[in-house]
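Read off the chains here:
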Amino acid sequence: MTELLFYHLTRRRLEQVLPELLEKTLQRGWRAVVKGGSEERIDALNGTLWTYSRASFLPHGTKADGFADRQPIYLTTEDERPNGAQVLFLVDGADTADAASYERVCDLFDGNDEEAVAAARLRWKRAKDAGHTLTYWQQSETGGWVKKAEG
């Protein structure tokens, strides 16, 4: 079964957290798909990943860049996995009907947005009912992560 990790963002924004999680993913030798809720958001994240750090580089691309099968990190709004990714990152309320194709799905949501929290609760319940292994992480006062629940 796929492992689902829910990341409740309260202290830092997605643009700060996602690159760090993607770095850890690549360090493990895994590939990733980042699925967003809109093309505008994917375009913004594409720019963020190019500029988030002077000391680091995250190789990534979109359909417009071509060579989707060669991209270590592939950004999309679709349920697609052209790079054979092991990890799926869901952002901005994006959902998937294809969680079972991945080893791990990371659902990042804005804890300061009541609608985003309610939608994440529904995704948690649906994943639990489907028998997936679940972990819920919340940002601590220092910006680190604290495991709050397992399911």
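The present account deals with the structure reproduced in this document.

## Some remarks on the overall build of the protein
Next up, step 1: Within the protein, the secondary structure is distributed over three helices and seven strands.
Next up, step 2: Secondary structure elements of the protein, listed N to C terminal, follow the sequence β-α-β-α-β-β-β-α-β-β.
Next up, step 3: Dimensions along the principal axes, computed over C-alpha positions, put the protein at roughly 35 × 35 × 30 Å.
Next up, step 4: Partitioning the contacts of the protein with sequence separation of at least 6, the portion at a separation of at least 24 is 61%.
Next up, step 5: Summed over all atoms, the accessible surface of the protein reaches about 8,000 Å², with 47% contributed by carbon and sulfur.
Next up, step 6: Between the centroid of the 20 positive side chains of the protein and the centroid of its 24 negative side chains there is a distance of 6 Å.

## Section: the nonpolar core
Side chains that are nonpolar tend, in soluble globular proteins, to be buried together.
Next up, step 1: By size, the foremost hydrophobic cluster in this structure holds 22 residues, and its most contacted members are L22, V34, F89 and L108.
Next up, step 2: Counting residues per element, the ones that place at least two in this core are β1 (3-9), α1 (14-27), β2 (32-35), α2 (39-51), β3 (73-76), β4 (87-90) and β5 (104-110).
Next up, step 3: Per element, the largest residue contribution to this core is five residues, and it comes from α1.
Next up, step 4: Ignoring sequence-local partners within four residues, the contact set of V34 consists of L18, L22, I42, L45, I73, Y74, L75, T76, F89 and V91.

## Some details on the environment of E115
Next up, step 1: Along the chain, the position of E115 falls in helix α3 (residues 114-129).
Next up, step 2: Look at E115 and you get exposed, because its relative accessible area is 67%.
Next up, step 3: It is 16 Å that separates the C-alpha atoms of E115 and L14, two residues lying 101 residues apart in sequence.

## A closer look at the pattern of salt bridges
Two side chains that carry opposite charge are able to pair once their charged atoms sit near each other.
Next up, step 1: Within the structure shown, the criterion is met by eleven salt bridges.
Next up, step 2: Here E3 makes a salt bridge to R104, at a shortest N to O gap of 3.0 Å. With E3 in strand β1 and R104 in strand β5, this pair connects stretches of sequence that are 101 residues apart.
Next up, step 3: Residue R126 pairs with D95 through a salt bridge whose shortest N-O separation is 2.3 Å. One end of the pair, R126, is in helix α3; the other, D95, is in the loop between β4 and β5, with 31 residues separating them in the sequence.
Next up, step 4: On the basis of relative accessible area, D95 is assigned to the partly exposed category, the value being 30%.
Next up, step 5: Each member of the salt-bridge network shares a partner with another, and the members are R13, E15, R41 and D92.

Definitions and limits used
Residues numbered from 1 in each chain as written. Predicted model: local features only at pLDDT ≥ 70, side-chain atom pairs only at ≥ 80, totals over all residues. Heavy atoms only, no water. Helix = DSSP H or I, 4+ residues; strand = E, 2+ residues; numbered from the N terminus. Contact = heavy atoms within 4.5 Å. Areas by Shrake-Rupley, 256 points an atom, 1.4 Å probe, with all protein chains shown as cover. Lys, Arg positive; Asp, Glu negative; His and termini not counted. Charge placed at Lys NZ, Arg CZ, Asp CG, Glu CD. Core = buried A, V, L, I, M, F, W, Y, C linked by side-chain atoms within 4.5 Å. Buried < 20%, exposed > 50% of the residue type's maximum accessible area, 1.4 Å probe, protein only. Salt bridge = Lys/Arg side-chain N within 4 Å of Asp/Glu carboxyl O.

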